[in-house]
Amino acid sequence: MEKQEISTFDLLIQTHVGLKRQGPGSPEMTIRALRYVEHLDENSRIADLGCGTGGQTMVLAQNTTGQITGVDMIPEFIDVFNKNTKELHLENRVTGIVGSVEELPFEQEELDLIWSEGVIDGIGFEKGLTYWNQFLKKDGYVAVTCPSWFTDERPSEVDKFWTDAGSGLDTVEQNLSALKKAGYQFVAAFILPETCWTEQYFIPREEAEKALLQKYAGDKTVAAYIEGDQYEVELYNKYKQQYGYVFYIGKKI
């Protein structure tokens, strides 16, 4: 029987499906951002877009009382998401569904809060915020993380890495301008600390990749995939003063 070649996308899923988070972040930073959101109650409707396996969603659920819908395009992530809701006894008000963050299933002005950690840069910061705006009630909130330049210095190898990944970086100032242009009042913005990259994401991911190397010993596609992830770590360690993830919170006007 001919051995089936594994794809990079399959490797991405296998690497991340067992992780608490699929990108930089932490429970502490999720809670910090949530403190800027007012007037949530048991009748509030919340959507977590690009929810992954729900690491941050479960934190939201444990610190709010409303109904939460997680949306992610990867069925394997949603399976874990819904398993986690049952283990935490949250299934009566937290549900994960398979879907696209660019084709949302919600009604106009249905939501009180749109949450999204580490996804919006893939569709464009202003484009995503503009599209999502229609699903928020007036005075509803949006809270997103997005990789951003901190300085005017923009190392070319960082720029190339993120552009090749389909996610060009803008400065914090550019993103704040885009936030307002998309129909939101600026509420807050803060940089995620280094531990959100290292302890919360890179280190657990590296452990998952060690298992992949054993599972697919000698596979060149796997080796190249992991080499690309290691390069991401090297870039961050070298240039973390110039870029990183920023939490942006806005209120629909």
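Just so you know, these numbers come straight off a predicted model, no measurement behind them. (Residues numbered from 1 in each chain as written. Predicted model: local features only at pLDDT ≥ 70, side-chain atom pairs only at ≥ 80, totals over all residues. Heavy atoms only, no water.)

(A) Structural detail: the overall build of the protein. The number of helices and strands found in the protein is nine helices and eight strands. Whereas a compact globule of 253 residues would reach a radius of gyration of roughly 18 Å, the protein reaches 18 Å, a difference of no more than 12%. Reported as C-alpha extents along the three principal axes, the dimensions of the protein are approximately 55 × 45 × 30 Å. Put simply, the protein has 253 residues, and 49% of those count as buried. Looking at the protein alone, contacts between residues at least 24 apart form 79% of all its contacts between residues at least 6 apart. Of the roughly 12600 Å² of accessible surface on the protein, a fraction of 49% belongs to carbon and sulfur atoms. One finds the centroid of the 24 positive side-chain charges in the protein at a distance of 3 Å from the centroid of its 40 negative side-chain charges. (Helix = DSSP H or I, 4+ residues; strand = E, 2+ residues; numbered from the N terminus. Rg over C-alpha atoms; globule rule 2.2 N^0.38 Å. Buried < 20%, exposed > 50% of the residue type's maximum accessible area, 1.4 Å probe, protein only. Contact = heavy atoms within 4.5 Å. Areas by Shrake-Rupley, 256 points an atom, 1.4 Å probe, with all protein chains shown as cover. Lys, Arg positive; Asp, Glu negative; His and termini not counted. Charge placed at Lys NZ, Arg CZ, Asp CG, Glu CD.)

(B) Broad picture of helix α1 (residues 8–16). When α1 is considered as a whole, its buried residues turn out to be L11, I13, T15 and H16. On the buried face of α1, the contacting elements are α4 (75–87), α8 (198–215) and α9 (220–239).

(C) Representation of the environment of V37 in the model. One can find V37 in the loop between α2 (27–34) and β1 (45–49). For the pair V37 and E227, spaced 190 residues apart in sequence, the C-alpha to C-alpha distance is 39 Å. If we skip the residues at most four places from it in the chain, V37 touches L113 and Y141.

(D) Examining the side chain of N175 more closely. Relative to the assigned elements, N175 resides in helix α7 (residues 172–181). Looking at N175, the relative accessible area reads 2%, which means it is buried. For N175, the residues in contact, after removing those within four places along its chain, are F125, C146, S148, D170 and Y248.

(E) Just the packing of aromatic side chains, in detail. Scanning all chains against the criterion turns up 17 aromatic pairs. Taken together, a centroid distance of 4.2 Å and an interplanar angle of 10 degrees make the contact between W197 and Y236 stacked. Linking W197 in the loop between β7 (184–191) and α8 with Y236 in helix α9, this pair joins segments that are 39 residues apart in sequence. For the pair shown, W197 and Y236 are each scored as buried. Each member of the aromatic cluster is reached from another via a ring pair, and the members are W149, F161, W162, W197, Y201, F202, Y231, Y236, Y243 and Y245. In this arrangement the basic side chain of R32 is found over the ring face of F190, its NZ or CZ atom lying 3.9 Å from the centre. (Phe/Tyr/Trp six-rings, centres within 6.5 Å; stacked < 30°, edge-to-face > 60°. Lys NZ or Arg CZ within 6 Å of the ring centre and 35° of its normal.)

(F) Main features of the pattern of salt bridges. In the structure shown here, the tally under the stated rule is 13 salt bridges. A salt bridge links R21 to E117; the nearest nitrogen and oxygen atoms lie 3.0 Å apart. Of this pair, R21 sits in the loop between α1 and α2 while E117 is found in strand β4 (residues 111–117), placing the two residues 96 residues apart along the sequence. As far as the burial class goes, R21 and E117 line up, both buried. Between K138 and D139 there is a salt bridge whose closest N-O contact spans 3.7 Å. (Salt bridge = Lys/Arg side-chain N within 4 Å of Asp/Glu carboxyl O.)

(G) Examining the pairing of strand β2 (residues 67–72) more closely. Most of β2 is tucked away: five of the six residues are buried. Note that β1 and β2 share five bridges and pair parallel. Note on β2: the bridge partner recorded for A47 is T69. In the classification by handedness, the crossover that spans β1, the intervening helix α3 (residues 55–62) and the parallel β2 is right-handed. Inspection of the sheet shows β2 paired to strand β3 (residues 94–98) by five bridges, in the parallel sense. Bridging from a neighbouring strand, T69 pairs with T95 of β3. Handedness of the β-α-β unit built from β2, α4 and β3 comes out right-handed. (Pairing = 2+ DSSP bridges. Right-handed = clockwise from strand over helix to strand, strands pointing away.)

That is the geometry; function is a separate question.
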